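Residues per chain, in single letters:
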Amino acid sequence: MLINRYLRKFAYLCSGLCLVHMNVLAQGNPADIEATNELLPLSWEELTELEVSSLARQEQTVKDSPAAAFVITSEDIRRSGATSLPEVLRMVPGMNVAKINAWNWAVSARGFNDLYANKLQVMIDGRSIYDPLISGVYWGQQNPSLPDIERIEVLRGPSGSLWGANAVNGTINIITRSARDTQGGLLNAGGGTEERGFGGIRYGQKLSESTFLRGTISTMVRDASIDLAGRQDTHDTGDTETANFRLDSQLSAQDKLMVEANVSRYRLGGYYIGKTSTTAPLWQNDDFGRDGVTGSLQGNWSHRTDSGHDWRLNMAFTQTEWQLAVNRMSRSHYDLDFQHTLPAIDNHKLMWGLNYQNIDDSFDNTLTLGFEPNQLTQHNVGVFLQDQIGLTDDLTLTLGNRVEHFTFTGWETEPNARLLWTPNKQHSLWAAVSRAVVLPNRAQHSIRLFKQIPNTNRFFEAKANPDMLTENLLAYELGWRWQISNNLDVDSALFYNIYDRMQGTKFTGVTYNDPIFGNIKQATVANYRQVDSYGLELAVNYRVNHDWRLQASYSANQFSVNYDKNQPWFRDPLTEEHFNPQHNVSLRSLYNLTSEIELDAWARYVDELYIDRRSIPAYISLDLRLGWHPHKNLELSISGQNLLDDQHPEFSDVLYIPVASQIQRGYLAQISWHF
C-alpha cells in the first residue's frame, strides 16, 4: 500500500540519518558539535521572565501580565517542523486553527472561527496585517521566513484599550529578529510530499558599530489538497516569493531606529467564489484562486530620556494589489502610531498615545462581485490612556481606555480594568473586565455579491448595509499561574464573554424575477444577534529532565446564541456552538536523544464541527520530527505530519470556497546551514 511505502521510506531515512551520524562522530571534532540540550525551549521561570512589551506597550514580563499571555519562542518554531504561521499557532491554548485547503486557514481565539475570523488582531513587528476588506487575515498571503522570527506573542482576550478595534478575542504580534542578531549567512531549504519545495537565503552585514542590515529572500511551492471523496485534487496548488530587508541602528544612547521593507508575490490556486455569467453556463465553479503582490515599508523610532520618559513612534505603509477571476483590488494603507510612557509618579505608571489610519482602495467591479462605491477612503483616529497603579507591594491595578472615531461608525470607547496579585514567586492571580468592538468591514459596508446559492440551482444577490454597527464584547476573565515545582508549572484562564450586535446574514424575503437567472433571492447583513460564551484554557509545562520537556494544553468553549431561528438565515444553523470545537487538546514532547540528535512529537485532538449542513468529524493528528546537528552550523531534519490517517477535513466554507478539501498526510526534509 501507498501508506506502508511512505512509512518504510520514513524509517529508512531515520536509519540512514543515524548511520551517517555515527560516521561523523567517528571522524568529526567534538568541539564543532553544538549540544542540542542548550537549544531546548526555555524553562517556565525563564519563559515567564520574557518581555511581552509589544502586547502591553511597555516592558512587562509574562509573569507580570494580568492577561492570558503565551509566548512561542524561535526554538518552539524550529522544533515544531512547521512551515507556516497558522501551524505554529496550534501550540497556543484557546486558539482555534483549522486548515481549509492548501493556502486558506481559519484562525481565531476563543471561538468564532471562520475563513474571515474578525475578532483576532494580528501584527508583524507592530504592523497590522488585519485586512479591512473582510475583517480577518489572508493567511496564504502571509509567509515570512520562519527562521527570521524571534518569538510570537499571543494575548487571548480583549486588548482594545491598547490596540484599538478588532483586538477582541485575541492579539498576536510576530516579532522578527534584529539585524544585529542575524549577522552572517543562513541557507535553509526543504521539500516533501505536500510542501513540494521551500527555502530561502538570509545575509546580515554590519554597516558600522551601531548599524546593522539584513536581507532575506524566501520561496514556497505547495501541493494541492484532495477532495472529500479522496479521488482528485482541488487544484489549490500555488507558490509565493517573499523578500525582506531590515535595518537596526542605535542612533545614540537614547535613540533607536528600525526600518523594515517587505514585498511578497503570491499565486494561490484553488476554487474561490465561482463566476457568474449571462451566457451558459450561468455559474462556473472553476479553478480561479488569487494572484497578487503586497509590499510594505515600516519605520520604528524610540527615544528614552535620562529622566524616564519613553517615546515611541511607528509608521507603516502597505500597498496591496490582487486579481481574482471576478474582481481586481488596489489598496494603500497608512498607519501612524505614537505612545508616550511617563516616569513613575508615586505608585502610578502613566502611558498615553494616539493613532491614525488612512485606507484608500479601489475595485474593478464585475457581475459576480462589486463594491458601491468602488473607490473609498477611510480615516480612523484614536487616543488611549492607561494608568498602572501599585496598590501594595503585591497588588497592581491597571485602568485604561481608548476612544476612537471611525469612518463607518463614528465614536467608540473601549475601557479596561485589570487586577494582578502576586503573593509569592510561585503564584500569580489576575482578573479583568473589558469592552472591545469589531468594526464593520468594507465588504459589509458596500459589497454586492451575485452568485448561485450553494447546493442549489437558484441565485442570490447579497447587498451591503451602510448602517452596520460595531459588534460589542463585554468580557470577564480570571487567571492563575502556579509554579508547582522547579520543573512543573500550570497556567490557567477562565472567561465569560457577552457579545452584542453580532452580525448575521439572512434573506430579506424579497424575490424578483430575471429573464436570464430566474427567481433571485435577496440577502443582507445586519446586527441581529447576541451570543454568550464561556470557557477554560489550561497549559502545563513539565521538564522531565535536562533533555526532555513535555507541554500540554487543553481548552473548552461553550456558546449560547440568542436569535430568531424562524428567520430565513443564509447559513443554517447559524450558531457558533457548532462552528467551533468544544474541546481541544495538544501534547508536545521535545526530547534530546543525544547531544546532537532531537526527537520531537506533537499530538492534537480537535472536537467535531458542523458547518454548512456538513459534519466534520473529530480527529487526532500526530507529527514527528527527527533533527540532527552534525556541526554547530548545520542542521538536518525529517518530519512526518498528520501520520494517523491518509487525510481528514478540518473546516468548510462553501460560500467562498465551494469545493471542500481534506488535509493529507505529509513527509518533508529540511536543511539549515549558517555560514
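Throughout what follows, the structure given in this document is the object of discussion. (Residues numbered from 1 in each chain as written. Predicted model: local features only at pLDDT ≥ 70, side-chain atom pairs only at ≥ 80, totals over all residues. Heavy atoms only, no water.)

**Considering the sheet that holds strand S38 (residues 647-648)**
Using the following cut-off: One bridge is not enough; two strands pair if DSSP finds at least two bridges between them. Secondary structure elements are defined from DSSP: runs of H or I of at least 4 residues count as helices, runs of E of at least 2 residues count as strands, and each element is numbered from the N terminus.
Strand order in the open sheet formed by three strands is S11-S39-S38, and the pairing between neighbours is antiparallel. Two strands in the sheet have a free side with no partner beyond their single neighbour: strand S11 (226-227) and S38. Strand direction decides the pairing type here: S11 and strand S39 (residues 661-664), joined by two bridges, are antiparallel. Within S39, the residue paired with Asp227 across the bridge is Ser661.

**With respect to the side chain of Asp131**
For clarity, the threshold we go by: Note on classification: 1.4 Å probe, protein chains only; a residue is buried when its accessible area is under 20% of the maximum for its type, exposed when over 50%, partly exposed between these limits. The definition of a polar contact used here is a pair of N or O atoms within 3.5 Å, where within protein one atom must be able to donate a hydrogen and the other to accept one, and adjacent residues in sequence count solely through side-chain atom pairs. Here, two residues are considered to be in contact whenever any of their heavy atoms come within 4.5 Å of each other.
Looking at the element boundaries, Asp131 is found in the loop between strand S5 (127-128) and strand S6 (149-156). Using a relative accessible area of 6% as the deciding quantity, one classes Asp131 as buried. Of note is the side chain of Asp131, whose polar atom sits 2.9 Å from the side chain of Arg331. Look past the residues within four positions of Asp131 in its chain and what remains in contact with it is Gly136, Tyr138 and Arg331.

**Looking at a nonpolar patch on the surface**
The following threshold applies: Nonpolar side chains (Val, Leu, Ile, Met, Phe, Trp, Tyr) are joined into patches within 5 Å and like charges within 9 Å, using only residues with over 30% relative accessible area and no salt bridge. Here the accessible surface of atoms and residues is derived via Shrake-Rupley with a 1.4 Å probe, and residues count as covered only by protein chains that are part of the display. A pair is scored as a salt bridge if a Lys or Arg side-chain nitrogen falls within 4 Å of a carboxyl oxygen belonging to Asp or Glu.
Judged by side-chain polarity, Leu187, Ile201, Tyr203, Ile217, Trp673 and Phe675 come together as a nonpolar surface patch covering roughly 600 Å² of accessible area. Secondary-structure assignment places Trp673 in strand S40 (residues 666-674).

**Focus on the packing of aromatic side chains**
Note the cut-off: Any two of the Phe, Tyr and Trp rings considered here, Trp counted by its six-membered ring, make a pair once their centres fall within 6.5 Å; the pair's planes then place it as stacked at under 30 degrees, edge-to-face at over 60, or tilted in between. Geometrically, a lysine NZ or arginine CZ counts as sitting over a ring once it is within 6 Å of the ring centre and also within 35 degrees of the ring normal.
Applying the stated criterion across every chain yields a total of 18 aromatic pairs. Measuring from ring centre to ring centre gives 5.6 Å for Trp548 and Tyr591, while their planes differ by 65°; the resulting arrangement is edge-to-face. Pair noted here: Trp548 is in strand S31 (residues 548-562) and Tyr591 is in strand S32 (residues 583-592), with a separation of 43 residues, a long-range link. Grouping aromatic residues by their ring pairs yields a cluster made of Phe112, Tyr499 and Phe559. Lying over the aromatic face of Trp602, Arg604 brings its terminal NZ or CZ to 4.8 Å of the ring centre.

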